[in-house]
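One letter stands for each residue in the lines below.
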Amino acid sequence: MKLTTRGHYSVKALLDLSLQPEYGPTSVRSIARRQDIPAPYLEKLLIEMRRASLVESVRGASGGYKLARSPAQISLGQILEAVGETIQPLPHHTPDAKLAEDWVTFTVWRHLHQKLKEALYSISLEDLYYDARSWQASLGEETSFVV
């Protein structure tokens, strides 16, 4: 599975928000600058994630976006779903009833799709955060966090 730009930027943005002290609000411009994401595009993604209750917007001089709940309670599947990512392997395929191999292939892909979906919903933002930190530490890198 390959993430589209929408999915990749959305995950990057929420990982960035997970780094904020007490998950406080951060401006779109700040996230965009740190993660090298075009700010107008990021704003649209954050609006979609706000509608999915993954982030909250805070108005005012020190406002911006913040996580709506802890990183442990936000899954990769929820993030991708919020921005319209699909993981359907054969979206419009109907197997030919006369061909057994067509049904076998269809069944295999259906099972793989289900396992992939389960995996995406079992990986939390917190898991991704710690995996990235571990990887950076193993390389001896400073823990400045850019995905």
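In this report, we go over the structure that sits alongside the text. Everything numeric in this text was worked out from a predicted model, so none of it was measured.

1. So, the environment of Gly63
Among the structural elements, Gly63 can be located in the loop between strand 1 (55-58) and strand 2 (64-67). For Gly63, a relative accessible area of 15% gives the class buried. In this view, Gly63 contacts Pro25, Thr26, Ser27 and Val58; residues no more than four positions away in its chain are not counted.

2. Structural notes on helix 2 (residues 28-35)
Along helix 2, the residues classified as buried are Val28, Ser30, Ile31, Ala32 and Gln35. The elements touched by buried residues of helix 2 are helix 1 (5-18), helix 3 (39-51) and strand 2. Positioned one or two residues after helix 2, Asp36 has a phi angle of 55°, which is positive.

3. Focus: the packing of aromatic side chains
Overall, the coordinates contain two aromatic pairs when judged by the stated rule. On the basis of an interplanar angle of 75° and a centroid distance of 5.7 Å, the ring pair of Tyr9 and Tyr41 is categorised as edge-to-face. Here Tyr9 is found in helix 1, whereas its partner Tyr41 is found in helix 3, with 32 residues between them in sequence. By relative accessible area, which is 18% here, Tyr9 ends up buried. Ring geometry for Tyr129 and Tyr130: centres 5.0 Å apart, planes at 80°, overall edge-to-face.

The rules we used
- Residues numbered from 1 in each chain as written.
- Predicted model: local features only at pLDDT ≥ 70, side-chain atom pairs only at ≥ 80, totals over all residues.
- Heavy atoms only, no water.
- Helix = DSSP H or I, 4+ residues; strand = E, 2+ residues; numbered from the N terminus.
- Buried < 20%, exposed > 50% of the residue type's maximum accessible area, 1.4 Å probe, protein only.
- Contact = heavy atoms within 4.5 Å.
- Phe/Tyr/Trp six-rings, centres within 6.5 Å; stacked < 30°, edge-to-face > 60°.

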